[in-house]
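Notes for the structure review
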Amino acid sequence: MEDMLFYDRMQFAFTITFHYLFPQLTMGLSLLIVYFKWKFLRTKIEKYNNAAKFWMKIFALNFAMGVVTGIPMEFQFGTNWAKFSELTGGIIGQTLAMEGMFSFFLESSFLGLFLFGEKLLGHKLHFLTGFLVFLGSWASGYLIIATHSWMQYPVGYEILENGKFVLNNFGALFSNPWLLPSYLHNQAASLVTSSFVVAGIGAFYLLNNKHHEFGKLFIKTGVIFGLISSLLVAFPTGDLAAKNVVKHQPATFAAMEGIFETETGGSEIVLIGQPNMLEKKLDNKIAVPNILSFLTYQDWNAEIKGLNEFDESVHPTNVPGLYYAYHIMVGLGTIFIGLMLLAAVQLFRRKLYKTKWILWVLMFMLPFPYIANTTGWYTAELGRQPWLVYNLLRTSEGASPTVSSGNTLFTLLGFIGLYLLLGMLFLMLAGKIINKGPELEKHE
């Protein structure tokens, strides 16, 4: 049973990690595309329209990869997690079906019109199709996170005698206190990824001395949006999401922060340290006294419960993994704010485009928002363990009892090989689009 559960979790973790590389770009990028198209309508400067069409090609490629890699996850609900689907399908099926029926088709239909319908539609309707792609993309994220939020903090349900969860308050799914902070935090993080990608490609163009005007445009846009979104990820969205964890999952919060023992007179915030699970402490830690209490409760001396206050049966199953995922996310987020602030200052001083070391940093930072987003989701999911539905349904109770560990490992190896090929194909196609650059089209 332990091996089967391990491989079930590994397969879903691998497939969803690979899949989310693509939506995290498209959600933020859709907003930037709408911005470029809006700027064109307002100024009639053609480079904005060409920029919108260039980035929509990148969007379309990511969207296609997201669809291809998203379908296997849906099948895993029936193969590896059949018991979970049977027990909770009456609730999570609502939001997942809405995401597929409404958001996905809205996004995909108008994506085609944006790519191929500009001359037929005219610029104003072309802008509208781009806005609807953005709306579908963000609505899709909202419905997925509504599902996630119910698993983190279940509301509006009752449990029947046969153990099945049924919805008794549809509105509660969307008024869940976990939903809005998580959604806004996720969307801001997606915008961080897209901003770094846009700025990174702009830096690549300037450093290679090609597509000069677009390089400047992409850097300026990426830095401005990147600074705003990086700040929003930290506050208020990250702050509100963390306070939800403190309130509803206190053992998870203690593990995230590395608090093994309740501290009197205020809790320190740990900058560096390694969890020692044998001795229940952090080794080699560097910490700042009382800061965590102030950030959490706006009280320097507020008490935050340590893991020692909770029964080990409700501790997160992988405390070191949770701790490291959370600290990598927070550490990278802090670096993003510092870098974008520095770049914004240089942009304001009109020196950014000639400050080569910042351009190099912007270009090489391109993968790091993907790491931060991934570790952010690992924090949320590892923090919920050992539960599928927090405090109601354990992960071990949701796995399919008839699928052997050997079958799951075999298909996991198959996914690894297939996704490696898909990843190489994606990088080749994206590289070709980026190397070619935006097309210089003019409209009379």
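Here, every reference points to the structure presented above.
Residues numbered from 1 in each chain as written. Predicted model: local features only at pLDDT ≥ 70, side-chain atom pairs only at ≥ 80, totals over all residues. Heavy atoms only, no water.

Bringing the environment of Thr-147 into the picture now. One can find Thr-147 in helix H6 (residues 123-152). For the pair formed by Thr-147 and Asn-49, sequence separation is 98 residues and the distance between their alpha carbons is 36 Å. With near-sequence residues (within four places) excluded, Thr-147 lies in contact with Ile-92, Thr-95 and Leu-96. (Helix = DSSP H or I, 4+ residues; strand = E, 2+ residues; numbered from the N terminus. Contact = heavy atoms within 4.5 Å.)

This brings us to the pattern of salt bridges. With the rule as written, the count across this model stands at 12 salt bridges. Note that Lys-47 is salt-bridged to Glu-213, the shortest N-O span being 3.8 Å. You can see Lys-47 sitting in helix H3 (residues 46-79) and its partner Glu-213 sitting in helix H8 (residues 212-248), a full 166 residues away along the chain. Judged by relative accessible area, Glu-213 falls into the partly exposed class, the value being 45%. Three or more residues joined by partner-sharing salt bridges are found here, namely Lys-37, Lys-53 and Glu-118. (Salt bridge = Lys/Arg side-chain N within 4 Å of Asp/Glu carboxyl O. Buried < 20%, exposed > 50% of the residue type's maximum accessible area, 1.4 Å probe, protein only.)

If you trace the backbone, Trp-138 turns up in helix H6. Residue classification places Trp-138 among the buried positions, given a relative accessible area of 17%. Trp-138 sits 110 residues away from Gly-28 along the chain, and the two C-alpha atoms are 8.6 Å apart. Ignoring sequence-local partners within four residues, the contact set of Trp-138 consists of Met-27, Gly-28, Ser-30, Leu-31, Tyr-183 and Gln-187.

In this structure the tally under the stated criterion is 36 aromatic pairs. A centroid spacing of 5.3 Å and a plane angle of 65° characterise the contact between Trp-55 and Phe-218, whose relative ring orientation is edge-to-face. A residue pair is termed long-range when its members are at least 10 positions apart, and Trp-55 in helix H3 and Phe-218 in helix H8 qualify at 163 residues. Geometrically, the ring pair formed by Phe-134 and Trp-138 is tilted, given 5.2 Å between the ring centres and 50° between the ring planes. Linking Phe-134 with Trp-138, this pair stays in helix H6, spanning 4 residues, or about one helical turn. Ring pairing ties together the aromatic residues Tyr-35, Phe-36, Trp-38, Phe-54, Trp-55, Phe-204, Tyr-205, Phe-214, Phe-218 and Phe-225, which thus form one cluster. (Phe/Tyr/Trp six-rings, centres within 6.5 Å; stacked < 30°, edge-to-face > 60°.)

With 30 residues, the main nonpolar core has Leu-29, Ile-33, Phe-36, Trp-55, Phe-59 and Phe-218 as its most contacted residues. Among the secondary structure elements, those contributing two or more residues to this core are helix H2 (23-43), H3, helix H4 (82-116), helix H7 (179-207) and H8. Considering every element that reaches this core, the biggest residue donor is H3, with 10 residues. Discounting residues that sit within four places of it in the chain, Phe-36 has contacts with Tyr-48, Ala-51, Ala-52, Trp-55, Leu-217, Phe-218 and Thr-221. Ranked by size, the runner-up nonpolar core spans 25 residues in total, among them Ala-188, Ala-203, Leu-227 and Ala-344. (Core = buried A, V, L, I, M, F, W, Y, C linked by side-chain atoms within 4.5 Å.)

Another aspect to go through is the packing of H7 against H8. At a closest axis distance of 6 Å, the pairing of H7 and H8 adopts a crossing angle of 155°. In terms of orientation, H7 lies roughly antiparallel with respect to H8. For the pair H7 and H8, the sense of crossing is left-handed. (Axes fitted to C-alpha atoms, helices over the stretch in contact; angles between N-to-C directions. Parallel < 35°, antiparallel > 145°, perpendicular 65-115°, else oblique. Left-handed = near helix turned anticlockwise from the far one by under 90°.)

Together, Leu-125, Leu-128, Phe-131 and Leu-135 make up a nonpolar patch on the protein surface, roughly 320 Å² of accessible area in all. Tracing the backbone through its elements, the reader meets Phe-131 in helix H6. (Patch = residues over 30% accessible without salt bridge, like charges linked within 9 Å, V, L, I, M, F, W, Y side chains within 5 Å. Areas by Shrake-Rupley, 256 points an atom, 1.4 Å probe, with all protein chains shown as cover.)

For the rest of this paragraph, the subject is H2. For H2, spanning 21 residues, the distance from its first C-alpha to its last is 30 Å, which sits close to the expected 30 Å at 1.5 Å a residue. Along H2, the sharpest change in direction is near 25° and occurs at Leu-29. Within H2, 15 of the 21 residues are buried, which leaves the element mostly enclosed by the surrounding structure. Just downstream of H2 lies Lys-44, where phi reads positive at about 65°. (Expected span 1.5 Å × (residues − 1). Bend = angle between axes of the 7 residues up to and from the residue.)

Our focus in this paragraph is the packing of H2 against H3. Helix packing for two helices is described by the angle between their axes and how far apart those axes are. One way to put it is that H2 packs onto H3 with a least axis distance of 8 Å and a crossing angle of 160°. Classified by the angle their axes make, H2 and H3 are roughly antiparallel. Classified by chirality, the crossing of H3 by H2 is left-handed. Here H2 contributes Leu-25, Thr-26, Leu-29, Ser-30, Ile-33, Phe-36, Lys-37, Lys-39, Phe-40 and Thr-43 to the contact with H3, which in turn contributes Glu-46, Tyr-48, Asn-49, Ala-51, Ala-52, Trp-55, Met-56, Ile-58, Phe-59, Asn-62 and Phe-63. Classifying every residue of the contact of H2 with H3 gives 13 nonpolar, 5 polar and 3 charged. (Nonpolar A, V, L, I, M, F, W, Y, C, P; charged D, E, K, R; others polar.)

Further remarks concern the pairing of strand E3 (residues 269-276). Relative to strand E4 (residues 281-288), E3 runs antiparallel, the two being bridged by 6 bridges. Residue pairing in the sheet places Gln-274 in a bridge with Asp-283 of E4. Between E3 and E4, which pair antiparallel and follow one another directly, the connecting turn spans 4 residues, one of which, Lys-280, has a positive phi of 55°. (Pairing = 2+ DSSP bridges.)

What follows covers the environment of Leu-184. Residue placement: Leu-184 occurs in helix H7. In sequence terms Leu-184 and Pro-236 are 52 residues apart; their C-alpha atoms lie 9.2 Å from each other.

Of note, Gln-24 is situated in helix H2. When its relative accessible area of 0% is taken as the criterion, Gln-24 is described as buried. A distance of 2.8 Å separates a polar atom in the side chain of Gln-24 from a polar atom in the side chain of Thr-193. Engagement of the side chain of Gln-24 in a polar contact is seen with the side chain of Asn-373, the distance being 3.2 Å. (Polar contact = N/O pair within 3.5 Å; in protein donor to acceptor, adjacent residues only side chain to side chain.)

A cis amide bond links Phe-235 to the next residue, Pro-236, at an omega of 5°. Turning to its location among the elements, Pro-236 is positioned in helix H8. In this structure, the amide linkage connecting Gln-385 to the following residue, Pro-386, adopts the cis form with an omega of 15°. Within the chain, Asn-391 stands out as a residue other than glycine whose phi angle is a positive 65°. Assignment of secondary structure puts Asn-391 in the loop between strand E5 (387-389) and strand E6 (393-394).

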